[in-house]
Amino acid sequence: MTSDPVLVDQTDGVATVTLNRPDAMNSLDVATKEALLEAVTSVGDDPAVRCVVLTGSGRAFCVGQDLKEHIQLLQGGARETLFSTVDEHYNPIVSALVAMPKPVVAAVNGVAAGAGASLAFACDLRLLADTAGFNLAFAGVALSCDTGCSYHLQRLVGRAKAIELLYFPRTVSAAESLELGLATQVVPAEELPALVAETAGRLAGGPTVAFGAMRRSVAYAAGHTFEEAVAFESEMMTLTGATADHATAVEAFVAKRKPVFEGR
């Protein structure tokens, strides 16, 4: 494995973005944040990519901000640089994940803390190893939450539980994460790669434009009235109804055969 802080592998329509600082539990220093933003933007824009997987190397998914770098900047008086990272890195990264016109899967191989947990929450599906867990660690360092946590966490677990997890940080086990709705599926650690490959493969072979429209519709409805939401649904139906995949699917249904989608 190379020393690059973020690795991208593209195979059969699946782009796997791997945080690659295992010795630092994939914590996010400036170089890693810049590389991650470039990676998620690139795979999001690439029409050959029909599903994105976000994961980590080693024993952690991502423990959030690199606090060693953080304290150096804090002690060095670079406070403006320190907190401008939210607007320069964290917000653009999570926005790129959320805006992708294709499915995004978090393969949570180990602990996901702080911004690392927030990144996982922004994905469509969270597939967890049974040794993984989430920790909303922000209060432990006397900071507010970031990277979309305030938006996604309460939509996954409800406002009351979100506030509890933020106020009283602890590691939420994989089993409890499944109960709370933070995890989509939990498997033994050795089975995670196979589950991720199977799930991502199914998504990459699906109707990509329709998946993207579903993502957009759900996100839109979260901040709009019912009337606005159904009007947007109509727009997305018009969009997907004009795709080659829709025509293929209808023809396959009539012919009683399985459609082969091309993602367009």
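Up top is the structure these notes are about.
Residues numbered from 1 in each chain as written. Predicted model: local features only at pLDDT ≥ 70, side-chain atom pairs only at ≥ 80, totals over all residues. Heavy atoms only, no water.

1. Regarding the overall build of the chain
Looking only at helices and strands, the chain has 11 helices and 10 strands in total. Computed over C-alpha atoms, the radius of gyration of the chain comes to 19 Å, within 12% of the 18 Å expected from 2.2 N^0.38 for 264 residues, which places it in the range of a compact globule. For the chain, the spread of C-alpha atoms along the three principal axes comes to 65 × 45 × 35 Å. Counting over 264 residues, the chain shows a buried share of 44%. (Helix = DSSP H or I, 4+ residues; strand = E, 2+ residues; numbered from the N terminus. Rg over C-alpha atoms; globule rule 2.2 N^0.38 Å. Buried < 20%, exposed > 50% of the residue type's maximum accessible area, 1.4 Å probe, protein only.)

2. Considerations on the packing of aromatic side chains
A complete count under the given rule lists three aromatic pairs for this structure. Centre to centre, the rings of Tyr 167 and Phe 168 are 6.3 Å apart; their planes meet at 85°, and the pair counts as edge-to-face. Given a relative accessible area of 57%, Phe 168 falls into the exposed group. When the centroid spacing of 4.3 Å and the interplanar angle of 10° are considered together, the rings of Tyr 220 and Phe 232 count as stacked. (Phe/Tyr/Trp six-rings, centres within 6.5 Å; stacked < 30°, edge-to-face > 60°.)

3. Section: the environment of Leu 178
Relative to the assigned elements, Leu 178 resides in helix α7 (residues 174–180). Here Leu 178 falls in the partly exposed class, since its relative accessible area comes to 42%. Put simply, Leu 178 and Leu 128 are 50 residues apart on the chain and 8.9 Å apart in space, counted from C-alpha to C-alpha. For Leu 178, the contacting residues outside a window of four places in its chain are Ala 183, Thr 184, Gln 185 and Val 186. (Contact = heavy atoms within 4.5 Å.)

4. Here's the deal with helix α5 (residues 149–157)
The complete set of buried residues in α5 reads Cys 149, His 152, Leu 153 and Val 157. Considered in projection along α5, the buried side chains sweep an arc of 105° and stay on one side of the axis. Of the residues trailing α5, Gly 158 is marked for its positive phi of about 90°. (Arc of directions from axis to C-beta.)

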